[in-house]
Amino acid sequence: MTILFAIAGFFEVTAYGQVNAFTPLYLPRLGIELAAVAFWVGAIASFSNIAGLPFLPFWGALADRYGRKPLIIRSFVVGFVALSLTAIAPNVWIFAVARAIQSLGLGNTGLILATLAEHAPPGRIAFAFGIVNGANPMGAFIGPLVGGPIVDQFGFPVLMAADAAIMLAMVAMLALGYRDRFVPRPASGSLLRMAGDGILLIIRSPRLRALFPALFLLFAGWMLAFIYVPLVVARLYTGPDPATAVGIVFGAGGLGVFILSPVIGAIADRSGKARTLFAGCALLAAIWSVPFFTRELFPFTIAWTVVNGLAAALFSVSFTLLSASATDATRGRVMTFAYLPANFGFVVGPAIGSVIASVDVFLVFPAAAVLTLAGLGAVMFAWRQRTAEI
């Protein structure tokens, strides 16, 4: 099951990573002036995530009623529709709508992690999370490397059409590849009430109530910096193949995740999940500003590989804190919201970035350091709160 989810996540993140990596280079083809690209990158990212957030509570409720497998498959069907529309978008408005449709796939990773948490041995949960979350960004390693030359030679729409076809293949693989042993509970009340129950589960637990906004602060800086890396590369690279250069930098960042995520997960299993997260985030806050001081492509690539790999690995560990703060009966609904801090980060971070990057795109890295440091303090406070019986 871990391998199946890792493969599916790999291709999902490959497609999503390619959209993020090459959108800044494609926007001028949709009529956006170069001076306005930084603003539109942040605006589209914020809008697309806002569109999906209101539906997030319902995915957990639907999973409790009908099982997790249909809801996991749903995200890949949504990916197919969104990527197909992205490939044929005639203007920036339709392009933004396509990105918003893609956000309707939110919540599937939380369900995947909840399934793994209930099947993996207790001493191997963080390692299993590390494999799945490490395999996902492996798509961020291979995807941009493969996608960059395709964009340079054939164009961005061709790449999106190929990704849409792959999403259809993932739907078939998940539909046939494993049996969902989760037993849905009998219907009790409307879906609106069931969705509200998921939110109430978080509100009633002092630790979860504090932990979700704390994790939002902790990783908002990562979300902010991530979407502006292509514009940084465009500033540093002056050759004829900008998409290939962006792909190499994103690929290096994905390689950092692939290496560090399982390693940090294994360390967390041995040394303690909370202790590993706190120490790692202190280090991350200290090194976030390093890319700001790089003004050549090679040093920037090295710096980005390290900070992106460490941020993603710690993001994976943070899921174990959420899982450990929920009961067996409520873990599915709680973990459906596992990506909520990142989703809010992808709303607020790009909104901040649309202002900061318009002044100087390199300023996103000191901003990430400030947000990470503030989030670390908030997470340490949250972890000291009691876990209610929910």
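Structural data are supplied above this passage.
Throughout, a residue's number is its position along its own chain's written sequence, starting from 1. Predicted model: local features are reported for residues with pLDDT of at least 70 only, side-chain atom pairs are reported and counted for 80 or more only, and whole-chain, interface and lining totals are derived from all residues. Working from all heavy atoms in the structure, the side-chain values ignore hydrogens and water.

**Considering the overall build of the chain**
Part 1 of the reasoning: Only DSSP runs of H or I reaching four residues or more are called helices, and only runs of E reaching two or more are called strands; each is numbered from the N terminus. Counting its secondary structure elements, the chain contains 16 helices and zero strands.
Part 2 of the reasoning: Burial status follows relative accessibility: with a 1.4 Å probe on protein chains alone, a residue under 20% of its type maximum counts as buried, one over 50% as exposed, and anything between as partly exposed. Scored against the burial criterion, the 390 residues of the chain give a buried share of 59%.
Part 3 of the reasoning: For the chain, the share of sequence-separated contacts (at least 6 apart) that also reach a separation of at least 24 residues comes to 87%.
Part 4 of the reasoning: For the accessible areas, the method is Shrake-Rupley and the probe is 1.4 Å, while residue cover comes only from the protein chains on display. Accessible surface, the chain as shown: approximately 15100 Å² in total, 71% of it carbon and sulfur. The contact rule is simple, with two residues in contact once any of their heavy atoms fall within 4.5 Å.

**Topic: the packing of aromatic side chains**
Part 1 of the reasoning: Aromatic rings from Phe, Tyr and Trp, with only the six-membered ring used for Trp, were paired whenever their centres fell within 6.5 Å, and each pair was classed as stacked if the ring planes differed by under 30 degrees, edge-to-face if by over 60, and tilted otherwise. In this structure the tally under the stated criterion is 15 aromatic pairs.
Part 2 of the reasoning: Ring geometry for Y26 against F95: centres 6.1 Å apart, planes inclined by 45 degrees, an arrangement best described as tilted. A residue pair is termed long-range when its members are at least 10 positions apart, and Y26 in helix 1 (residues 2-26) and F95 in helix 5 (residues 92-102) qualify at 69 residues.
Part 3 of the reasoning: Y26 gets classed as buried once you look at its relative accessible area, which sits at 13%.
Part 4 of the reasoning: Put simply, the rings of F226, F250, W288, F300, W304 and F365 pair up and form one aromatic cluster.
Part 5 of the reasoning: Taking the ring centre of F292 as reference, the NZ or CZ of R295 above it sits at 5.2 Å. Geometrically, a lysine NZ or arginine CZ counts as sitting over a ring once it is within 6 Å of the ring centre and also within 35 degrees of the ring normal.

**Section: the environment of F39**
Part 1 of the reasoning: Tracing the chain through its elements places F39 in helix 2 (residues 37-52).
Part 2 of the reasoning: Distance in space between the C-alpha atoms of F39 and S354 is 4.4 Å, their sequence separation being 315 residues.
Part 3 of the reasoning: Once you skip the residues sitting within four places of it in the chain, F39 turns out to touch S354 and S358.

**Digging into the nonpolar core**
Nonpolar side chains in soluble globular proteins tend to be buried together.
Part 1 of the reasoning: By size, the foremost hydrophobic cluster in this structure holds 118 residues, and its most contacted members are L27, Y228, W288 and W304.
Part 2 of the reasoning: In terms of residue count, helix 10 (residues 206-236) provides more of this core than any other element does, 21 residues in total.
Part 3 of the reasoning: Ignoring any residue separated from it by four or fewer positions in sequence, one finds L27 in contact with I32, V37, W40, V41, I44, V92 and F95. Grouping buried Ala, Val, Leu, Ile, Met, Phe, Trp, Tyr and Cys residues that are joined through side-chain atoms within 4.5 Å yields what is termed a nonpolar core.

**Re helix 13 (residues 297-324)**
Part 1 of the reasoning: Residue count minus one, scaled by 1.5 Å, sets the expected span of a helix. When the terminal C-alpha atoms of helix 13 are compared, their 41 Å separation across 28 residues agrees well with the 40 Å that a helix rising 1.5 Å per residue should span.
Part 2 of the reasoning: Here helix 13 lies mainly inside the structure; 22 of its 28 residues are buried.

**Brief notes about the environment of G139**
Part 1 of the reasoning: Summarising the element assignment, G139 is placed in helix 7 (residues 125-154).
Part 2 of the reasoning: Taking C-alpha positions, G139 is 9.2 Å from L255, a pair spaced 116 residues apart along the chain.

**Quick notes on the pattern of salt bridges**
Any two side chains of opposite charge can pair if their charged atoms end up close together.
Part 1 of the reasoning: We define a salt bridge as a side-chain nitrogen of Lys or Arg found within 4 Å of a carboxyl oxygen belonging to Asp or Glu. Evaluation of the coordinates by the stated rule reveals two salt bridges.
Part 2 of the reasoning: One salt bridge in this structure joins D269 and K273, with 3.9 Å as the shortest N-O distance.

**Observations regarding the packing of helix 1 against helix 10**
Part 1 of the reasoning: With axes taken as lines fitted to C-alpha atoms, and helix axes fitted only over the stretch in contact, angles between N-to-C directions fall between 0 and 180 degrees. The geometry of helix 1 relative to helix 10 is characterised by a closest axis approach of 8 Å and an angle of 45 degrees between their N-to-C directions. Of the possible angle classes, the one that applies to helix 1 and helix 10 is oblique. Read as a crossing pair, helix 1 and helix 10 show a hand that is right-handed. Where helix 1 approaches helix 10, its residues N20, A21 and P24 are matched on the opposing element by F226, I227, P230 and L231.
Part 2 of the reasoning: All residues other than Ala, Val, Leu, Ile, Met, Phe, Trp, Tyr, Cys, Pro, Asp, Glu, Lys and Arg, Gly among them, are scored as polar; the first ten of these are nonpolar and the last four charged. Its residues assigned to classes, the contact of helix 1 with helix 10 shows six nonpolar, one polar and no charged. Any angle that falls under 35 degrees is termed roughly parallel, while one over 145 is termed roughly antiparallel, one within 65 to 115 roughly perpendicular, and all others oblique. Crossings are assigned a handedness: left-handed for a near helix turned anticlockwise from the far helix by less than a right angle, right-handed for a clockwise turn.

**Brief notes about a nonpolar patch on the surface**
Part 1 of the reasoning: Residues I142, L145, V146 and I248 make up a contiguous nonpolar surface patch of roughly 300 Å² in combined accessible area.
Part 2 of the reasoning: Examining the composition of the nonpolar patch, we find that three residues originate from one element, helix 7, more than from any other.
Part 3 of the reasoning: Counting through the fold element by element, V146 comes out in helix 7.
Part 4 of the reasoning: On the accessibility criterion, V146 (46% relative accessible area) is partly exposed. Patch membership requires more than 30% relative accessible area and the absence of a salt bridge. Residues of like charge join within 9 Å; the nonpolar side chains Val, Leu, Ile, Met, Phe, Trp and Tyr join within 5 Å.

**With respect to the side chain of K69**
Part 1 of the reasoning: Position of K69 relative to the elements: it lies in helix 4 (residues 68-88).
Part 2 of the reasoning: Given a relative accessible area of 15%, K69 falls into the buried group.
Part 3 of the reasoning: Whenever a nitrogen or oxygen atom comes within 3.5 Å of another N or O atom, the pair is scored as a polar contact, on the condition that within protein one atom can donate a hydrogen and the other can accept it, and that pairs from neighbouring residues in sequence are kept only if both atoms are in side chains. Polar side-chain contacts of K69 include one of 2.9 Å to the backbone oxygen of A175.

**Some details on helix 1**
Part 1 of the reasoning: The first and last C-alpha atoms of helix 1 sit 35 Å apart over 25 residues, in line with the 36 Å expected at 1.5 Å per residue.
Part 2 of the reasoning: Taken across its 25 residues, helix 1 has 18 buried, putting it largely inside the fold.

**Thoughts on the side chain of T372**
Part 1 of the reasoning: Following the sequence through the fold, T372 ends up in helix 16 (residues 364-383).
Part 2 of the reasoning: Using a relative accessible area of 0% as the deciding quantity, one classes T372 as buried.
Part 3 of the reasoning: Non-local contacts of T372, meaning those with residues more than four positions away in its chain, are made with L217, L218, C281, L284, A285 and W288.

**So, the packing of helix 10 against helix 16**
Part 1 of the reasoning: For the pair helix 10 and helix 16, the least separation of the axes is 8 Å and the interaxial angle reads 165 degrees. Taken as axis vectors, helix 10 and helix 16 run roughly antiparallel relative to one another. Judged by the sense of rotation from one axis to the other, the crossing of helix 10 with helix 16 is left-handed.
Part 2 of the reasoning: Among the residues making up the contact of helix 10 with helix 16, the classes are represented as 23 nonpolar, three polar and one charged.

**Some points on the environment of F141**
Part 1 of the reasoning: As for its position among the elements, F141 is in helix 7.
Part 2 of the reasoning: Separated by 109 residues in the primary sequence, F141 and F250 have C-alpha atoms spaced 6.3 Å apart.

Remember, this is a structural readout, not a statement about activity or role.
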